[in-house]
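Per-entry structural report
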Amino acid sequence: MFSSTGPFAWFKWQALFADWQIFAQGFAYTLVVAFSALALALLIGIILGIASCSNIKPLELFSRIYVEFFQNTPLLIQIFFLYNGLPYAGIVLSVTTIGIIGVGMYHGAYIAEVVRSGIGSIAKGQLEAAYSQGFTYWQAMTHIILPQAKTIILPPLTMQAVNLIKNTSVLAVISGADIMFTAKSWSSSNIYYGPAYVVAGLLYFILCYPLANLAKRLEDKVNALPAEAGGKKSRLAKQDVTVGNS
Amino acid sequence: MIKMVNVDKQFGKLWALKNINLEISAGEKLVVIGPSGSGKSTLIRCMNYLEKPTSGQIFVDGIEITAHKAPVAKVRQSAAMVFQSFNLYPHKTVLENLTLAPIKVQGIEKKQAEESAMKYLERVGLTEKAHNYPSQLSGGQQQRVAIARALNMHPKIILFDEPTSALDPEMIQEVLDVMVGLSKDNITMVVVTHEMGFARQVADRIIFMDEGEIVEQGTPEHFFSNPSSERTKLFLSKILR
Ligand SMILES: Nc1ncnc2c1ncn2[C@@H]1O[C@H](COP(=O)(O)OP(=O)(O)OP(=O)(O)O)[C@@H](O)[C@H]1O
Ligand SMILES: [Mg+2]
């Protein structure tokens with residue numbers, strides 16, 4: 001395999017290392033898109049998650065429809081739509097913007113579900129106590145419910161960040177200059193696919209593994225909590241929300 | 001202080017409250033008794049709009065809370081509630097439990113809110129627990145903190161929904177003692193309870209509810225010597241053994 005003609009031949013690695021800057025750029029680009037998309041996804045997810053528990057019917061309905069739509073259509077199609085569909089409506093977005101919006105909106109739906117089940121795991125009496133003291137719904141969420149739900153929300157939220165990073169690789173299909181596209185284009189010009197994809201995979205791994213590990217440790221911490229603090233419930237909550245990611 | 005006019009509350013087909021008319025004057029100590037499911041909680045929860053009546057009007061401190069766009073959050077600040085299950089904020093210390101709403105809702109200075117909080121903690125005998133978390137307290141202590149939390153809103157009315165029902169027997173008295181002490185103030189108190197000794201000692205008026213209706217009302221003397229309704233007699237005979 002590592003012979004002078006195999007897919008992982010040494011001279012191919014040498015060529016890759018000589019071009020390391022190209023891969024570094026792809027890595028940096030992926031980081032930028034991932035962070036921006038994560039910020040957007042958090043914003044959407046927290047707002048919709050809170051809205052979905054608000055008991056205000058139009059808000060609940062809107063967030064339900066949003067979540068079902070984005071969870072039940074492939075991200076790839078959503079990206080294609082932004083890239084190929086929107087220009088017909090006169091809206092032309094840069095590939096980077098499409099990546100941030102597309103991946104951000106898609107994961108916003110999953111994060112909304114994470115937040116929703118986190119809020120749901122806090123005893124009903126907490127909201128009532130807050131109301132009885134004159135807190136509004138949003139005040140009660142920010143001061144009383146979300147700070148308690150935080151420990152329960154954090155592990156599945158971290159897993160969402162992992163999935164989000166991996167999913168930025170769909171940008172390769174619209175020539176997005178990310179890790180995946182870099183690997184693809186670099187290797188298609190010289191057909192050194194082997195090292196290119198190994199390195200691409202490794203770069204994703206470097207980003208995702210520490211996060212996934214963190215998620216696991218946070219999860220263990222939650223499970224060690226007594227049931228009334230979400231220790232038991234969080235396990236159900238997690239199954240509820242992490243299925244169906246790529 | 002509180003006035004309910006023709007108040008109905010339905011949960012689907014079930015009538016939790018049927019045509020309630022009730023007026024509670026300022027400073028009155030009203031005790032609500034009745035069998036399980038008779039609508040006591042629903043009644044008291046309507047008084048601060050935690051439960052929304054199906055029809056009828058409710059006035060609290062001169063404001064109609066059943067009116068369209070009523071300032072419900074404002075009214076709730078003057079009608080504090082103590083719950084059966086305490087409902088302290090577990091992520092906050094005892095002191096923070098007392099000061100959170102005064103600071104965030106009423107806009108009171110932190111220092112001032114803490115000073116009055118310490119005063120109320122002293123009143124319920126828990127100054128030394130100010131920096132503990134609720135989970136480090138016994139049930140009786142938690143409920144006393146909940147009472148102090150309610151008081152630190154400086155309410156005109158305090159609503160108690162079975163404040164001792166979730167407590168171990170040996171902790172009931174410490175909470176009742178605090179409530180008896182409170183009854184010496186001119187604050188308006190509405191108390192749902194099964195503690196007949198407390199009712200006898202503190203109530204200006206007792207109302208007996210059954211199946212969503214106020215069946216009988218009167219002074220403690222009236223209730224414990226010669227109740228008129230058969231349903232009241234039956235209930236009291238069971239509860240007093
Ligand atoms: N949220 C709700 N949804 C449906 N039914 C309810 C709800 N809350 C109360 N009920 C019903 O309304 C009736 C009155 O309930 P309520 O809690 O006011 O009784 P209660 O007198 O406080 O009883 P308890 O002594 O057990 O606390 C009961 O039949 C109860 O099942
Ligand atoms: Mg009740």
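Model, not experiment: these values are computed from the prediction. (Residues numbered from 1 in each chain as written. Chains lettered and ligands numbered in written order. Predicted model: local features only at pLDDT ≥ 70, side-chain atom pairs only at ≥ 80, totals over all residues. Heavy atoms only, no water.)

Turning to the overall build of chain B, a few remarks are in order. Along the backbone of chain B there are nine helices and ten strands. At 18 Å, chain B has a C-alpha radius of gyration in line with the 18 Å of a compact globule built from 241 residues. Taking the principal axes of the C-alpha coordinates as reference, chain B spans close to 50 × 45 × 30 Å. In chain B, which comprises 241 residues, the proportion classed as buried is 56%. Of the contacts made within chain B by residues no fewer than 6 positions apart, 65% connect residues no fewer than 24 positions apart. For chain B, the exposed area adds up to about 10600 Å²; of that, 48% sits on carbon and sulfur atoms. For chain B, the distance from the average site of its 28 positive side-chain charges to the average site of its 27 negative ones is 5 Å. (Helix = DSSP H or I, 4+ residues; strand = E, 2+ residues; numbered from the N terminus. Rg over C-alpha atoms; globule rule 2.2 N^0.38 Å. Buried < 20%, exposed > 50% of the residue type's maximum accessible area, 1.4 Å probe, protein only. Contact = heavy atoms within 4.5 Å. Areas by Shrake-Rupley, 256 points an atom, 1.4 Å probe, with all protein chains shown as cover. Lys, Arg positive; Asp, Glu negative; His and termini not counted. Charge placed at Lys NZ, Arg CZ, Asp CG, Glu CD.)

Residue and element names in this part refer to chain B. Surrounding ligand 1, one finds Phe-11, Leu-14, Ala-16, Pro-35, Ser-36, Gly-37, Ser-38, Gly-39, Lys-40, Ser-41, Thr-42 and Glu-162. A distance of 2.8 Å separates an oxygen atom of ligand 1 from a polar atom in the backbone of Gly-37. Between ligand 1 and Ser-41 there is a distance of 2.7 Å, counted from an oxygen atom to a side-chain nitrogen or oxygen. The protein chains hide 60% of the 630 Å² of surface that ligand 1 would expose on its own. Contributing elements (two or more residues each) for the shell around ligand 1: strand S2 (14-24) and helix H1 (40-46). Along the lines of polarity and charge, the residues of the shell around ligand 1 split into four nonpolar, six polar and two charged. (Near = heavy atom within 4 Å. Polar contact = N/O pair within 3.5 Å; in protein donor to acceptor, adjacent residues only side chain to side chain. Nonpolar A, V, L, I, M, F, W, Y, C, P; charged D, E, K, R; others polar.)

For the rest of this paragraph, the subject is the interface of chain B and chain A. Taken together, the contacts link 21 residues of chain B with 15 residues of chain A. Of the roughly 1500 Å² buried at the junction of chain B and chain A (both faces included), carbon and sulfur atoms supply 57%. Our count for the contact surface shared by chain B and chain A stands at one salt bridge. Glu128(A) is the salt-bridge partner of Arg45(B), the closest N and O atoms lying 2.7 Å from each other. Applying the counting criterion to the chain B and chain A interface returns six residue pairs in polar contact (both at pLDDT 80 or more). Counting residues per element, the ones that place at least two in the side of chain B that touches chain A are helix H2 (72-78), strand S6 (79-82) and helix H3 (94-104) of chain B. (Buried area = accessible area lost by both parts, 1.4 Å probe. Salt bridge = Lys/Arg side-chain N within 4 Å of Asp/Glu carboxyl O.)

Strand order in this open sheet of four strands is S2-S1-S4-S5 (chain B), and the pairing throughout is antiparallel. The open sheet has two free edges, formed respectively by S2 and strand S5 (63-64) of chain B, since each of these has just one partner strand. (Pairing = 2+ DSSP bridges.)

This part is about the packing of helix H4 (residues 75-85) of chain A against helix H5 (residues 95-120) of chain A. All names here are of chain A. The interhelical angle for the contact between H4 and H5, taken along N-to-C directions, is 140°, at an axis separation of 10 Å. Regarding the angle of H4 to H5, the classification is oblique. The two elements H4 and H5 meet at a crossing, and its hand is right-handed. On H5, the residues that touch Leu-75, Gln-78, Ile-79, Leu-82 and Tyr-83 of H4 are Val-95, Ile-98, Ile-101, Gly-102, Val-103 and Tyr-106. When grouped by side-chain class, the residues that make up the contact of H4 with H5 number nine nonpolar, two polar and no charged. (Axes fitted to C-alpha atoms, helices over the stretch in contact; angles between N-to-C directions. Parallel < 35°, antiparallel > 145°, perpendicular 65-115°, else oblique. Left-handed = near helix turned anticlockwise from the far one by under 90°.)

A separate point is the confidence of the model for chain B. Counting all residues, the mean pLDDT for chain B is 94, and 100% of those residues have values of 70 or more. ipTM for the predicted complex: 0.94, alongside a pTM of 0.84. (pLDDT = per-residue confidence, 0-100.)

Looking now at the sheet that holds strand S9 (residues 205-210) of chain B. Residue and element names in this part refer to chain B. The strand order S6-S7-S8-S3-S9-S10 describes an open sheet built from six strands, whose pairing is mixed. Only two strands of the sheet have a single neighbouring strand rather than two, namely S6 and strand S10 (213-218). Sheet twist, expressed as the mean angle between neighbouring strand axes with direction ignored, is 20°. The strands touched by helix H5 (residues 139-151) are S6 and strand S7 (157-161); relative to S6, the strand with the most contacts, the crossing angle is about 175°. Docked against the sheet, helix H6 (residues 169-183) engages strand S3 (29-33), S7 and strand S8 (188-192), running at close to 150° with respect to S8.

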